[in-house]
Amino acid sequence: MELRKLGRTSIMISPVIMGTWQAGRDMWADIDDGETTRAIQAAVDEGITTIDTAAVYGKGHSERVVGKAVAERRHEVVIATKVFANELRHDQVLAACERSLKNLGTDYIDLFQIHWPAGAFGSPVVPIEETMRALNDLKDQGKIRAIGASNFSRDQLAEALEFGDIVSLQPPYSLLWRHVEKDAMPLCRDRGLSILAYSPMAQGILTGKFGPGHRFRRGDHRRANRLFQEPVFSQVQEALEGLKPLAARHGISLGQLALAWVIAQPGACAIAGARNETQARQNARAADVRLTPEDLAEMDRISQPVTAVLDDNPVLWKW
(Lines give C-alpha, C1' and ligand atoms only; values in the text may rest on other atoms or scores of the structure.)
Protein backbone atom coordinates (compact mmCIF):
# COMPACT_ATOMS: atom_id res chain seq x y z
CA MET A 1 0.00 0.00 0.00
CA GLU A 2 1.43 3.37 -1.01
CA LEU A 3 1.87 5.52 2.09
CA ARG A 4 1.18 9.25 2.38
CA LYS A 5 2.62 12.03 4.52
CA LEU A 6 0.70 13.03 7.62
CA GLY A 7 0.28 16.75 7.02
CA ARG A 8 3.67 18.29 6.45
CA THR A 9 5.42 15.90 8.84
CA SER A 10 7.79 13.06 8.03
CA ILE A 11 5.27 10.57 9.47
CA MET A 12 3.94 8.24 6.78
CA ILE A 13 0.39 6.92 7.08
CA SER A 14 -1.71 4.48 5.09
CA PRO A 15 -4.58 5.88 2.96
CA VAL A 16 -6.88 3.39 4.66
CA ILE A 17 -6.66 3.62 8.45
CA MET A 18 -7.87 0.98 10.89
CA GLY A 19 -10.61 2.49 13.04
CA THR A 20 -11.21 0.97 16.47
CA TRP A 21 -14.21 2.71 18.01
CA GLN A 22 -15.96 -0.65 17.93
CA ALA A 23 -13.06 -2.22 19.86
CA GLY A 24 -14.19 -0.28 22.93
CA ARG A 25 -17.46 -2.29 22.82
CA ASP A 26 -19.52 0.50 24.41
CA MET A 27 -22.26 1.68 22.03
CA TRP A 28 -21.72 -1.33 19.75
CA ALA A 29 -23.32 -4.78 19.74
CA ASP A 30 -21.70 -8.22 19.44
CA ILE A 31 -18.05 -7.13 19.61
CA ASP A 32 -15.51 -9.81 20.52
CA ASP A 33 -12.00 -8.83 21.68
CA GLY A 34 -10.41 -11.83 20.02
CA GLU A 35 -12.00 -11.06 16.66
CA THR A 36 -11.04 -7.41 16.98
CA THR A 37 -7.44 -8.32 17.74
CA ARG A 38 -7.26 -10.59 14.71
CA ALA A 39 -8.85 -7.86 12.57
CA ILE A 40 -6.20 -5.33 13.63
CA GLN A 41 -3.39 -7.78 12.93
CA ALA A 42 -4.87 -8.69 9.54
CA ALA A 43 -5.12 -4.99 8.68
CA VAL A 44 -1.42 -4.52 9.42
CA ASP A 45 -0.60 -7.61 7.37
CA GLU A 46 -2.45 -6.02 4.43
CA GLY A 47 -0.53 -2.74 4.66
CA ILE A 48 -2.84 -0.69 6.87
CA THR A 49 -0.03 0.69 9.01
CA THR A 50 -2.09 3.37 10.79
CA ILE A 51 -4.50 2.66 13.64
CA ASP A 52 -6.90 5.19 15.16
CA THR A 53 -8.36 4.88 18.65
CA ALA A 54 -9.41 7.12 21.56
CA ALA A 55 -9.34 7.06 25.33
CA VAL A 56 -13.12 7.41 25.52
CA TYR A 57 -13.76 4.26 23.46
CA GLY A 58 -14.80 1.89 26.21
CA LYS A 59 -12.99 3.94 28.87
CA GLY A 60 -9.60 2.87 27.52
CA HIS A 61 -10.61 -0.62 26.44
CA SER A 62 -10.05 0.09 22.75
CA GLU A 63 -6.57 1.47 23.47
CA ARG A 64 -5.70 -1.62 25.48
CA VAL A 65 -6.90 -3.95 22.72
CA VAL A 66 -4.90 -2.00 20.14
CA GLY A 67 -1.79 -2.00 22.31
CA LYS A 68 -1.86 -5.75 22.80
CA ALA A 69 -2.66 -6.43 19.15
CA VAL A 70 0.43 -4.57 17.89
CA ALA A 71 2.76 -5.12 20.86
CA GLU A 72 5.16 -7.20 18.77
CA ARG A 73 4.94 -4.83 15.80
CA ARG A 74 4.99 -1.36 17.35
CA HIS A 75 7.78 -0.27 15.00
CA GLU A 76 5.58 -1.09 11.99
CA VAL A 77 2.57 1.02 12.90
CA VAL A 78 1.47 4.60 13.43
CA ILE A 79 -0.88 4.94 16.40
CA ALA A 80 -3.33 7.82 16.69
CA THR A 81 -5.42 8.37 19.80
CA LYS A 82 -7.44 11.19 21.34
CA VAL A 83 -8.08 13.12 24.54
CA PHE A 84 -11.76 13.83 25.22
CA ALA A 85 -13.43 17.24 25.60
CA ASN A 86 -13.77 16.93 29.40
CA GLU A 87 -9.99 16.72 29.91
CA LEU A 88 -8.62 19.75 28.12
CA ARG A 89 -7.06 21.66 31.03
CA HIS A 90 -3.26 21.66 30.86
CA ASP A 91 -2.67 19.12 33.63
CA GLN A 92 -5.61 16.99 32.50
CA VAL A 93 -4.13 16.67 29.01
CA LEU A 94 -0.80 15.58 30.47
CA ALA A 95 -2.50 13.00 32.69
CA ALA A 96 -4.67 11.73 29.82
CA CYS A 97 -1.59 11.21 27.69
CA GLU A 98 0.06 9.16 30.44
CA ARG A 99 -3.03 6.93 30.71
CA SER A 100 -3.12 6.44 26.95
CA LEU A 101 0.57 5.56 26.88
CA LYS A 102 -0.05 2.96 29.58
CA ASN A 103 -3.15 1.57 27.86
CA LEU A 104 -1.31 1.31 24.54
CA GLY A 105 1.81 -0.19 26.09
CA THR A 106 4.08 2.28 24.33
CA ASP A 107 6.37 5.15 25.26
CA TYR A 108 5.19 7.48 22.48
CA ILE A 109 2.03 8.29 20.56
CA ASP A 110 2.41 9.19 16.90
CA LEU A 111 -0.66 11.43 16.66
CA PHE A 112 -2.44 12.81 19.74
CA GLN A 113 -5.75 14.47 18.86
CA ILE A 114 -8.29 16.66 20.62
CA HIS A 115 -11.36 14.46 20.26
CA TRP A 116 -14.00 17.20 20.50
CA PRO A 117 -13.53 20.91 21.16
CA ALA A 118 -13.96 22.22 24.69
CA GLY A 119 -17.61 22.76 25.56
CA ALA A 120 -18.86 19.78 23.56
CA PHE A 121 -21.32 17.50 25.40
CA GLY A 122 -21.51 19.99 28.28
CA SER A 123 -17.79 19.80 29.00
CA PRO A 124 -15.99 22.78 30.60
CA VAL A 125 -15.01 25.60 28.26
CA VAL A 126 -11.20 25.70 28.27
CA PRO A 127 -9.18 28.23 26.25
CA ILE A 128 -7.62 26.46 23.28
CA GLU A 129 -4.34 28.19 24.13
CA GLU A 130 -4.16 26.21 27.39
CA THR A 131 -4.88 22.89 25.69
CA MET A 132 -2.37 23.55 22.94
CA ARG A 133 0.28 24.52 25.49
CA ALA A 134 -0.09 21.07 27.06
CA LEU A 135 0.09 19.34 23.68
CA ASN A 136 3.18 21.36 22.74
CA ASP A 137 4.77 20.34 26.04
CA LEU A 138 4.07 16.67 25.32
CA LYS A 139 5.58 17.03 21.87
CA ASP A 140 8.69 18.70 23.31
CA GLN A 141 9.01 15.81 25.77
CA GLY A 142 8.86 13.25 22.95
CA LYS A 143 5.70 11.62 24.29
CA ILE A 144 3.76 12.54 21.17
CA ARG A 145 5.06 13.09 17.65
CA ALA A 146 2.26 15.22 16.21
CA ILE A 147 -0.94 17.04 17.19
CA GLY A 148 -4.33 16.62 15.55
CA ALA A 149 -7.89 17.88 15.99
CA SER A 150 -11.17 16.04 15.57
CA ASN A 151 -14.67 17.45 15.06
CA PHE A 152 -13.39 21.05 14.90
CA SER A 153 -15.10 23.67 12.78
CA ARG A 154 -13.07 25.91 10.52
CA ASP A 155 -13.07 28.73 13.06
CA GLN A 156 -12.07 26.42 15.91
CA LEU A 157 -9.28 24.93 13.82
CA ALA A 158 -8.01 28.35 12.75
CA GLU A 159 -7.83 29.47 16.38
CA ALA A 160 -6.00 26.32 17.46
CA LEU A 161 -3.46 26.77 14.67
CA GLU A 162 -2.48 30.10 16.21
CA PHE A 163 -1.01 28.22 19.19
CA GLY A 164 0.68 25.20 17.66
CA ASP A 165 1.35 22.98 14.68
CA ILE A 166 -1.77 20.92 14.05
CA VAL A 167 -1.18 18.42 11.24
CA SER A 168 -4.58 16.80 10.75
CA LEU A 169 -8.33 17.18 11.12
CA GLN A 170 -10.59 14.19 11.76
CA PRO A 171 -14.17 14.95 10.63
CA PRO A 172 -17.07 12.72 9.64
CA TYR A 173 -16.73 12.54 5.87
CA SER A 174 -18.19 10.28 3.24
CA LEU A 175 -19.90 10.44 -0.12
CA LEU A 176 -23.15 11.09 1.76
CA TRP A 177 -21.85 13.33 4.57
CA ARG A 178 -19.86 16.25 3.17
CA HIS A 179 -20.25 19.18 5.56
CA VAL A 180 -16.48 19.54 5.96
CA GLU A 181 -16.10 20.40 2.28
CA LYS A 182 -17.79 23.77 2.82
CA ASP A 183 -16.29 24.43 6.23
CA ALA A 184 -12.80 23.36 7.32
CA MET A 185 -11.50 21.53 4.25
CA PRO A 186 -10.33 24.63 2.34
CA LEU A 187 -8.31 25.72 5.39
CA CYS A 188 -6.83 22.22 5.71
CA ARG A 189 -5.71 22.26 2.09
CA ASP A 190 -4.29 25.77 2.43
CA ARG A 191 -2.29 24.84 5.54
CA GLY A 192 -1.31 21.34 4.44
CA LEU A 193 -3.35 19.39 7.01
CA SER A 194 -4.38 15.80 6.32
CA ILE A 195 -8.08 14.94 6.44
CA LEU A 196 -8.57 11.70 8.40
CA ALA A 197 -12.16 10.92 7.53
CA TYR A 198 -14.16 8.93 10.04
CA SER A 199 -17.34 7.09 9.06
CA PRO A 200 -16.23 6.98 5.38
CA MET A 201 -18.77 4.21 4.82
CA ALA A 202 -21.35 6.25 6.76
CA GLN A 203 -21.24 3.72 9.61
CA GLY A 204 -22.00 0.88 7.24
CA ILE A 205 -24.93 2.38 5.35
CA LEU A 206 -22.79 2.70 2.20
CA THR A 207 -22.05 -1.02 2.26
CA GLY A 208 -25.66 -1.67 1.29
CA LYS A 209 -26.26 -4.15 4.11
CA PHE A 210 -28.86 -2.03 5.90
CA GLY A 211 -31.97 -2.14 3.75
CA PRO A 212 -35.49 -0.82 4.36
CA GLY A 213 -36.91 -2.02 7.65
CA HIS A 214 -33.56 -2.62 9.34
CA ARG A 215 -33.60 -2.15 13.10
CA PHE A 216 -30.46 -1.82 15.22
CA ARG A 217 -30.25 -3.49 18.61
CA ARG A 218 -30.64 -1.40 21.73
CA GLY A 219 -27.30 0.12 22.71
CA ASP A 220 -26.09 0.46 19.12
CA HIS A 221 -25.35 4.16 18.58
CA ARG A 222 -26.17 3.90 14.88
CA ARG A 223 -29.84 4.11 15.86
CA ALA A 224 -29.16 7.85 16.27
CA ASN A 225 -27.28 8.31 12.97
CA ARG A 226 -29.20 10.86 10.92
CA LEU A 227 -28.53 9.01 7.66
CA PHE A 228 -30.57 6.10 9.02
CA GLN A 229 -33.56 8.35 9.74
CA GLU A 230 -36.27 9.57 7.40
CA PRO A 231 -36.55 11.40 5.09
CA VAL A 232 -32.84 10.81 4.46
CA PHE A 233 -32.88 7.01 4.67
CA SER A 234 -35.15 6.55 1.64
CA GLN A 235 -32.92 8.81 -0.44
CA VAL A 236 -29.90 6.77 0.67
CA GLN A 237 -31.51 3.56 -0.57
CA GLU A 238 -32.06 5.11 -4.00
CA ALA A 239 -28.44 6.29 -4.09
CA LEU A 240 -27.21 2.79 -3.28
CA GLU A 241 -29.11 1.41 -6.26
CA GLY A 242 -27.35 3.97 -8.43
CA LEU A 243 -23.93 3.06 -7.05
CA LYS A 244 -24.23 -0.71 -7.54
CA PRO A 245 -23.47 -0.70 -11.31
CA LEU A 246 -20.38 1.44 -10.72
CA ALA A 247 -19.09 -0.94 -8.05
CA ALA A 248 -19.78 -3.87 -10.37
CA ARG A 249 -17.78 -2.26 -13.18
CA HIS A 250 -14.77 -2.08 -10.90
CA GLY A 251 -15.37 -5.56 -9.47
CA ILE A 252 -15.57 -4.25 -5.91
CA SER A 253 -18.10 -4.02 -3.10
CA LEU A 254 -20.13 -0.93 -2.28
CA GLY A 255 -18.07 -0.49 0.88
CA GLN A 256 -14.81 -0.54 -1.07
CA LEU A 257 -16.28 1.97 -3.51
CA ALA A 258 -17.13 4.29 -0.61
CA LEU A 259 -13.59 4.07 0.77
CA ALA A 260 -12.08 4.59 -2.68
CA TRP A 261 -14.13 7.77 -3.09
CA VAL A 262 -12.77 9.24 0.16
CA ILE A 263 -9.12 8.46 -0.52
CA ALA A 264 -9.49 9.92 -4.01
CA GLN A 265 -10.21 13.32 -2.44
CA PRO A 266 -7.08 15.51 -2.16
CA GLY A 267 -5.35 15.12 1.19
CA ALA A 268 -7.91 12.64 2.55
CA CYS A 269 -7.47 9.22 4.16
CA ALA A 270 -10.31 6.95 5.29
CA ILE A 271 -10.69 5.53 8.80
CA ALA A 272 -12.52 2.24 8.40
CA GLY A 273 -13.54 -0.01 11.26
CA ALA A 274 -13.61 -3.80 11.00
CA ARG A 275 -15.16 -6.40 13.24
CA ASN A 276 -13.17 -9.32 11.82
CA GLU A 277 -10.25 -10.30 9.58
CA THR A 278 -12.36 -10.51 6.44
CA GLN A 279 -13.64 -6.96 6.78
CA ALA A 280 -10.13 -5.67 7.53
CA ARG A 281 -8.71 -7.29 4.39
CA GLN A 282 -11.59 -6.01 2.26
CA ASN A 283 -11.03 -2.48 3.55
CA ALA A 284 -7.33 -2.66 2.68
CA ARG A 285 -8.07 -3.59 -0.92
CA ALA A 286 -9.94 -0.33 -1.42
CA ALA A 287 -6.55 1.38 -1.58
CA ASP A 288 -5.93 -0.38 -4.91
CA VAL A 289 -9.05 1.03 -6.58
CA ARG A 290 -8.49 3.82 -9.08
CA LEU A 291 -11.60 5.88 -9.74
CA THR A 292 -11.62 8.00 -12.90
CA PRO A 293 -12.79 11.62 -13.01
CA GLU A 294 -15.91 10.31 -14.74
CA ASP A 295 -16.52 7.86 -11.88
CA LEU A 296 -16.18 10.62 -9.31
CA ALA A 297 -18.55 12.89 -11.23
CA GLU A 298 -21.10 10.08 -11.47
CA MET A 299 -20.86 9.44 -7.72
CA ASP A 300 -21.35 13.13 -6.98
CA ARG A 301 -24.48 13.14 -9.11
CA ILE A 302 -25.86 10.02 -7.41
CA SER A 303 -25.21 11.39 -3.93
CA GLN A 304 -26.73 14.82 -4.53
CA PRO A 305 -30.35 13.91 -3.64
CA VAL A 306 -29.11 12.66 -0.23
CA THR A 307 -26.97 15.66 0.63
CA ALA A 308 -29.75 17.98 -0.55
CA VAL A 309 -32.12 16.87 2.23
CA LEU A 310 -29.55 17.27 5.01
CA ASP A 311 -29.38 20.46 7.06
CA ASP A 312 -26.22 22.33 8.06
CA ASN A 313 -25.72 20.48 11.35
CA PRO A 314 -22.23 18.90 11.08
CA VAL A 315 -22.88 16.29 13.81
CA LEU A 316 -23.67 12.90 12.30
CA TRP A 317 -25.88 11.73 15.17
CA LYS A 318 -29.15 13.06 16.59
CA TRP A 319 -28.53 12.44 20.28
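Below or above, wherever it landed, is the structure these notes cover. Computed from a predicted structure; not experimentally measured.

Rules behind the numbers
Residues numbered from 1 in each chain as written. Predicted model: local features only at pLDDT ≥ 70, side-chain atom pairs only at ≥ 80, totals over all residues. Heavy atoms only, no water. Buried < 20%, exposed > 50% of the residue type's maximum accessible area, 1.4 Å probe, protein only. Helix = DSSP H or I, 4+ residues; strand = E, 2+ residues; numbered from the N terminus. Pairing = 2+ DSSP bridges. Right-handed = clockwise from strand over helix to strand, strands pointing away. Phe/Tyr/Trp six-rings, centres within 6.5 Å; stacked < 30°, edge-to-face > 60°. Lys NZ or Arg CZ within 6 Å of the ring centre and 35° of its normal. Polar contact = N/O pair within 3.5 Å; in protein donor to acceptor, adjacent residues only side chain to side chain. Contact = heavy atoms within 4.5 Å. Axes fitted to C-alpha atoms, helices over the stretch in contact; angles between N-to-C directions. Core = buried A, V, L, I, M, F, W, Y, C linked by side-chain atoms within 4.5 Å. Parallel < 35°, antiparallel > 145°, perpendicular 65-115°, else oblique. Left-handed = near helix turned anticlockwise from the far one by under 90°. Nonpolar A, V, L, I, M, F, W, Y, C, P; charged D, E, K, R; others polar.

## Here we look at helix α9 (residues 254–263)
Among the 10 residues in α9, 10 count as buried, and that is most of the element. Those residues of α9 not exposed but buried are L254, G255, Q256, L257, A258, L259, A260, W261, V262 and I263.

## A closer look at the pairing of strand β6 (residues 109–114)
β6 sits mainly inside the fold: six of its six residues count as buried. Where strand β5 (residues 78–83) and β6 come together, four bridges link them in parallel fashion. Bridged to A80 within β6 is L111. In this fold, β5 hands off to helix α3 (residues 90–104), which returns the chain to β6; that crossover is right-handed. Bridge analysis of β6 against strand β7 (residues 144–150) gives five bridges, and the strand direction is parallel.

## A look at the packing of aromatic side chains
As enumerated under the stated definition, the model contains six aromatic pairs in all. Between F84 and F121, the ring centres sit 5.9 Å apart and the planes meet at 25°, which makes this aromatic pair stacked. Of this pair, F84 sits in the loop between β5 and α3 while F121 sits in the loop between β6 and α4 (128–140), placing them 37 residues apart in sequence. F84 sits in the buried class, given a relative accessible area of 18%. One cation-aromatic arrangement involves R74 over Y108; the distance from NZ or CZ to the ring centre is 4.1 Å.

## Quick word on the side chain of T20
Locating T20 in the fold gives a position in the loop between β3 (16–19) and α1 (33–45). Residue class for T20 comes out buried when judged on its relative accessible area of 0%. Polar side-chain contacts of T20 include one of 2.7 Å to the backbone oxygen of D52. When sequence neighbours within four positions are dropped, the list of residues in contact with T20 reads I40, I51, D52, T53, Y57, S62 and V66.

## Side note on the environment of S253
For S253, the location among the structural elements is in the loop between α8 (232–250) and α9. Sequence spacing of S253 and L206 is 47 residues, and the spatial spacing of their C-alpha atoms is 9.8 Å.

## Focus: the sheet that holds β6
With parallel pairing, the eight strands of this closed barrel are ordered in space as β3-β4-β5-β6-β7-β8-β9-β10. On average, each strand axis in the sheet is inclined to that of its neighbour by 30°, with strand direction left out of account.

## Re the nonpolar core
Core analysis: the biggest nonpolar cluster contains 116 residues, and L157, L206 and L227 have the highest contact counts within it. Beyond its immediate stretch of four places on either side in the chain, L227 contacts L176, W177, A202, I205, V232, F233, V236, V306, L310 and L316.

## Looking at the packing of α1 against helix α10 (residues 277–285)
Relative to each other, α1 and α10 sit at 30°, their axes nearing to 8 Å. With respect to their mutual orientation, α1 and α10 come out roughly parallel. Handedness of the α1/α10 crossing: right-handed. On the side of α1, the interface is formed by R38, A39, A42, A43 and D45, while α10 contributes E277, A280 and R281. Of the residues assigned to the contact of α1 with α10, the class counts are four nonpolar, no polar and four charged.

## Some details on the pairing of β5
For β5, a buried count of six out of six residues is recorded, marking the element as mostly surrounded by other parts of the structure. Of the two faces of β5, the one lined by V78, A80 and K82 and the one lined by I79, T81 and V83 are each fully buried. Two elements, strand β4 (residues 50–52) and β5, share three bridges in a ladder whose sense is parallel. Note on β5: the bridge partner recorded for I51 is I79.

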